[in-house]
Amino acid sequence: MSRFKAVIFDLDGVITDTAHYHHLAWKRLAEAEGVHFDDAFNERLKGIDRMGSLDLILAGSPKHYSSGQKQALADLKNRHYCELIATMSEADLLPGARDALQAVRAAGLKIGLASVSKNAFTVLDRLGIRDCFDYVVDAATLANSKPDPEIFLTAAHVLGVAPADCLGVEDALAGVASIKSAGMFALGIGKAEVLTQADIVIPGLDHFSLEKI
Ligand code: BG6
Ligand code: MG
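In this report, the structure presented in the accompanying data block is examined. (Residues numbered from 1 in each chain as written. Chains lettered and ligands numbered in written order. Predicted model: local features only at pLDDT ≥ 70, side-chain atom pairs only at ≥ 80, totals over all residues. Heavy atoms only, no water.)

### Thoughts on the site of ligand 1
Then comes step 1: In the vicinity of ligand 1, 15 residues are found, and the nearest of them are D12, R50, S117, K118 and N119.
Then comes step 2: Within the backbone of G47, one N or O atom sits 2.8 Å away from an oxygen atom of ligand 1.
Then comes step 3: Computed on the free molecule, ligand 1 has an accessible area of 390 Å², of which 97% lies beneath the protein chains in the complex.
Then comes step 4: Among the residues forming the shell around ligand 1, the class breakdown is four nonpolar, six polar and five charged. (Near = heavy atom within 4 Å. Polar contact = N/O pair within 3.5 Å; in protein donor to acceptor, adjacent residues only side chain to side chain. Areas by Shrake-Rupley, 256 points an atom, 1.4 Å probe, with all protein chains shown as cover. Nonpolar A, V, L, I, M, F, W, Y, C, P; charged D, E, K, R; others polar.)

Below, the structure written as structure tokens:
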């Protein structure tokens, strides 16, 4: 029997490699604006919502941007991103993702999705896995993005599970911080030296085992 009653997954970079597409789309925009963009900076953007990410990028520019200009840039980045995800399919599930979802279901736990991406429903549909979740948080309804705990607390609340009985799964620094401030156990996906706040870190869902957590 698992010590948890629910598992709440992040999407981008955990279930599918859309973190890479966000990276490409932001890099293209940053470079067009003359802002330096490297892998370390990208790490800080993971899990941050669209306008929050844009603000972090534009902080590196000497130019002043009006709110209209910012909205236009955010829309442009989203168009680039949507072009990149347009051809996604079931084949774009990361290794171990489907098995992990099935193992959680077989263990009788609830399954939630906590992504701040407003494209999450589209990505889930392209991957053909929307039905695997008992509840998917709609990012458009959130007042606060990660690292605020709101998204994970909302998922736990709707699933009817106390935060202490939830396992959160995340590839982003901001996401792990969100899980920890929600009072949940954090399973990091990536590198332990990056996701220092996570309780356990594995390289990918192909290493996921409920029994070992
Ligand atoms: C998160 C990603 O899941 O969603 C971020 O980690 C991204 O990189 C954020 O900026 C918002 O996504 P979207 O699709 O609403 O622009
Ligand atoms: Mg992520």
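### Side note on the packing of aromatic side chains
Then comes step 1: Within the structure shown, the criterion is met by three aromatic pairs.
Then comes step 2: Measuring from ring centre to ring centre gives 5.6 Å for F4 and F185, while their planes differ by 55°; the resulting arrangement is tilted. You can see F4 sitting in the segment before β1 (6–9) and its partner F185 sitting in strand β5 (residues 185–189), a full 181 residues away along the chain. In this structure, F4 and F185 share a single accessibility class: buried.
Then comes step 3: Pairing F9 with F208 gives two aromatic rings, centres 6.3 Å apart and planes at 45°, and the pair type is tilted. (Phe/Tyr/Trp six-rings, centres within 6.5 Å; stacked < 30°, edge-to-face > 60°. Helix = DSSP H or I, 4+ residues; strand = E, 2+ residues; numbered from the N terminus. Buried < 20%, exposed > 50% of the residue type's maximum accessible area, 1.4 Å probe, protein only.)

### Focus on the nonpolar core
Then comes step 1: Judged by nonpolar contacts, the single largest core of 35 residues is most densely connected at F9, I15, F133, L167, L205 and F208.
Then comes step 2: Within the residue set of this core, elements represented by two or more residues are β1, α4 (67–85), α5 (97–106), β2 (110–113), α6 (120–127), β4 (166–170) and β5.
Then comes step 3: The residues contacting F9, other than those within four sequence positions of it, are V14, I15, L101, V104, I111, G112, L113, A114, F133, V169 and L205.
Then comes step 4: Counting 20 residues, the second largest nonpolar core, distinct from the first, contains A6, A114, V116 and A155. (Core = buried A, V, L, I, M, F, W, Y, C linked by side-chain atoms within 4.5 Å. Contact = heavy atoms within 4.5 Å.)

Shape descriptors only; they carry no functional weight alone.
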